[in-house]
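Topology and contacts: notes
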Amino acid sequence: WPAASHPDADSPLVIGIVGDDPFGEALPRIVKGHTAHGRRIEIRHFKEDGDCGACHLLFLSRSVAGRTDRLLQSLRGRVILTVSDKQDFAREGGVIGFALVDKTVRFDINLKAAERAELRVSSKLLAVARSIVE
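In this text, all values refer to a predicted model and were calculated from it rather than measured experimentally.

Taking strand neighbours across the sheet as the criterion, the eight strands line up as S2-S3-S1-S4-S5-S6-S7-S8 in an open arrangement whose pairing is mixed. Here the strands that pair on one side only, and so sit at the sheet edges, are strand S2 (35-36) and strand S8 (131-133). Bridge count for strand S1 (residues 13-18) against strand S3 (residues 39-46) is six bridges, and the pairing is parallel. From the neighbouring strand, Val14 faces S3, where its bridge partner is Glu42.

Structure follows, in structure tokens:
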């Protein structure tokens, strides 16, 4: 994330979740005590009409699939990595879309969406993506 996406040196990296939380206690347990580039990691739940822009990574649950377009539009111009398990999410404008393929989680990456969000995707991540949407 660009330095400007953090209000100050001590601000956390915020992972937001909109809709049903498929992670339960697993995600908070995984990030507890860990940092990302020296920043603590914080999990926040947002209502669809709340300010989802107050995060760095936003997971849009399948439960909000019918409103994904509107949510993505509301985030335009913000430095947010959008992620979802909704089918065809990357093709519809999200940055990373997860898919279950033969009991393995795979993902698609939308490079244009990442570029619009001012994010650079590492070549290592691109190398293991199922597909790259441009």
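Let us look at the pairing of S1. Two faces belong to every sheet, and in a regular strand the side chains alternate between them. Of all six residues in S1, six are buried, a share of seventy percent or more. Burial along S1 is two-sided: Leu13, Ile15 and Ile17 and Val14, Gly16 and Val18, pointing in opposite directions, are all buried. As defined by bridge partners, S1 adjoins strand S4 (residues 57-60) across four bridges and the pair is classed as parallel. Its bridge partner being in S4, Gly16 is matched across the sheet by Leu58.

To continue, consider a nonpolar patch on the surface. Together, Phe98, Leu100 and Val105 make up a nonpolar patch on the protein surface, roughly 310 Å² of accessible area in all. Position of Leu100 among the secondary structure elements: in strand S6 (residues 96-101).

Pairing between strand S5 (residues 81-84) and S6: two bridges, direction parallel. Within S6, the residue paired with Val83 across the bridge is Ile96. In terms of strand pairing, S6 meets strand S7 (residues 104-110) through six bridges, oriented antiparallel. What sits directly across from Ile96, in S7, is Ile109.

Within the largest apolar cluster, 17 residues are counted, with the highest numbers of intra-cluster contacts made by Leu81, Val95 and Ile96. Among the secondary structure elements, those contributing two or more residues to this core are S1, helix H1 (26-31), S5, S7 and helix H3 (111-116). Beyond its immediate chain neighbours, meaning those up to four positions away, Val95 contacts Ile80, Leu81, Thr82, Phe89, Ala90, Asp108, Ile109, Asn110, Ala113 and Ala114.

Attention shifts here to the pattern of salt bridges. This structure, assessed with the given rule, holds five salt bridges. The salt bridge partner of Asp85 is Arg62, with a shortest N-O separation of 3.2 Å. Taken together, the residues span a long stretch of sequence, with Asp85 in the loop between S5 and S6 and Arg62 in the loop between S4 and helix H2 (68-74) at a distance of 23 residues. A salt bridge links Lys86 to Glu92; the nearest nitrogen and oxygen atoms lie 2.3 Å apart. A relative accessible area of 12% places Lys86 in the buried class.

Looking now at the packing of aromatic side chains. Counting across every chain of the model gives one aromatic pair. Their ring planes at 70° and their centres at 4.9 Å tell us that Phe23 and Phe59 sit as a pair that is edge-to-face. A residue pair is termed long-range when its members are at least 10 positions apart, and Phe23 in the loop between S1 and H1 and Phe59 in strand S4 qualify at 36 residues.

How each quantity is defined
- Residues numbered from 1 in each chain as written.
- Predicted model: local features only at pLDDT ≥ 70, side-chain atom pairs only at ≥ 80, totals over all residues.
- Heavy atoms only, no water.
- Pairing = 2+ DSSP bridges.
- Helix = DSSP H or I, 4+ residues; strand = E, 2+ residues; numbered from the N terminus.
- Buried < 20%, exposed > 50% of the residue type's maximum accessible area, 1.4 Å probe, protein only.
- Patch = residues over 30% accessible without salt bridge, like charges linked within 9 Å, V, L, I, M, F, W, Y side chains within 5 Å.
- Areas by Shrake-Rupley, 256 points an atom, 1.4 Å probe, with all protein chains shown as cover.
- Salt bridge = Lys/Arg side-chain N within 4 Å of Asp/Glu carboxyl O.
- Core = buried A, V, L, I, M, F, W, Y, C linked by side-chain atoms within 4.5 Å.
- Contact = heavy atoms within 4.5 Å.
- Phe/Tyr/Trp six-rings, centres within 6.5 Å; stacked < 30°, edge-to-face > 60°.

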